[in-house]
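Okay, here's what each chain looks like letter by letter:
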Amino acid sequence: MQNELKNITEPLVQWFADNKRALPWRQDRRPYHVWISEIMLQQTRIEAVVRYYERFTQALPDIASLSRVDDDVLMKLWEGLGYYSRARNLKKAAQSIMNDFGGEFPKRYAQIVTLAGIGEYTAGAIASICFNEKVTAVDGNVLRVITRVIGDRSNVLLPDTKKRIAAMLLPILPEQAGEFNEALMELGEVVCLPNGAPDCERCPIRQHCTAYREHLTAQIPVRIRQMKRKHAEKTVFLITDANGRLAIEKRPDTGLLPGLYQLPNIDGYYSQKELYKLLGDWGLTAISLEFSKEAKHVFTHIDWYMKAYRVTAEQPNERFLWVTKDELRSAYPLPTAFLKLLR
């Protein structure tokens, strides 16, 4: 296995030099840019991230501006990316950098990994790409490439598998460790694709790949989820007043989607009679109430099944915040689950 891995280093780095995509965070090696991109790329494809990255870095061009940004502005910049704790941790880490590192991004893995929201992979990516420290950076793409190369059928969702693969890669890291780590990630993004459909004919290391030789790309990597997903039914209200303003409210500061804004909603499904009564309990007189649409939204451990109703209220009340479309678009961050119902 180790011999197979030694053979991939040189062709992989050369392939990356010839084929790497021109992505905005690759225009320089500033750790701030690499950091923001890596956090955004967690749980999100590159194609979707580019426009968010450009908008975010234009509004917050450096660590200092990120450290002092208003929370609602930050959440609005992050709107649509999901997993909002990532954005909160970015600000928290920026404040730590300003307070503990004199405003300069730390240069060593051991320091970087102490920052909020930065785990072993992200710390390894930043340390190797920006400072060429010889550390590994093992994400899902890297796990897929390496388990296919060595024919490993371990469950890649287990932390022990990730640690073992990282330990195997460490001895083969070349002097240009960052280029090698990026090359592995890039190969997993554009060639060694998931779901059993890699483009092996374009792969620079296929002659060293066990899964290619033995026709195992559909079986490797092995992904076995241990956690049972939860199912939640939601009734969501799109309530407007006579002036066309929409009712929203702020979510609690703890739990799922903390501190973001939401459309008024309740757990479960109800008859129209029950919904009219609920609106009355909220101090609203509904002129009309009609079914709008259904939507599903997938979180990490729970799926929301939503039924949305359009409501025209006789007059607004103080229970909700009433906003125009322009105000909603510019100032109030709504999670993607609710944006689906407004489209």
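Residues numbered from 1 in each chain as written. Predicted model: local features only at pLDDT ≥ 70, side-chain atom pairs only at ≥ 80, totals over all residues. Heavy atoms only, no water.

By secondary structure assignment, the location of E189 is in helix α12 (residues 177-190). Discounting chain neighbours no more than four positions away, the residues touching E189 are R21, R45, I46 and N141. (Helix = DSSP H or I, 4+ residues; strand = E, 2+ residues; numbered from the N terminus. Contact = heavy atoms within 4.5 Å.)

Here we come to the nonpolar core. Within the largest apolar cluster, 93 residues are counted, with the highest numbers of intra-cluster contacts made by W35, F56, L66 and I146. Beyond its immediate sequence surroundings of up to four residues, L66 is in contact with Y32, W35, I36, F56, L60, L74, L90, K91 and A94. (Core = buried A, V, L, I, M, F, W, Y, C linked by side-chain atoms within 4.5 Å. Buried < 20%, exposed > 50% of the residue type's maximum accessible area, 1.4 Å probe, protein only.)

Sheet topology places strand β5 (residues 286-298) next to strand β6 (residues 302-313); eleven bridges connect them, and they run antiparallel. Pairing of E290 across the sheet is with R310, part of β6. Connecting β5 to the antiparallel partner β6 that follows it, the hairpin turn spans three residues. (Pairing = 2+ DSSP bridges.)

Among all positions of helix α11 (residues 159-169), only T161, I165, A166, M168 and L169 are buried. Seen end-on, α11 carries its buried residues on one side only, within an arc spanning 160 degrees. For α11, the exposed residues lying more than 90 degrees away from the buried face are P159, D160 and K163. (Arc of directions from axis to C-beta.)

Sheet topology note: the strand β1 (residues 230-240)/β6 ladder contains eleven bridges and is parallel. Its bridge partner lying in β6, T240 is registered against T312. Here three bridges tie β1 to strand β4 (residues 265-267), and the two strands are oriented antiparallel to one another. In the sheet register, K234 faces β4, and the bridge partner there is D267.

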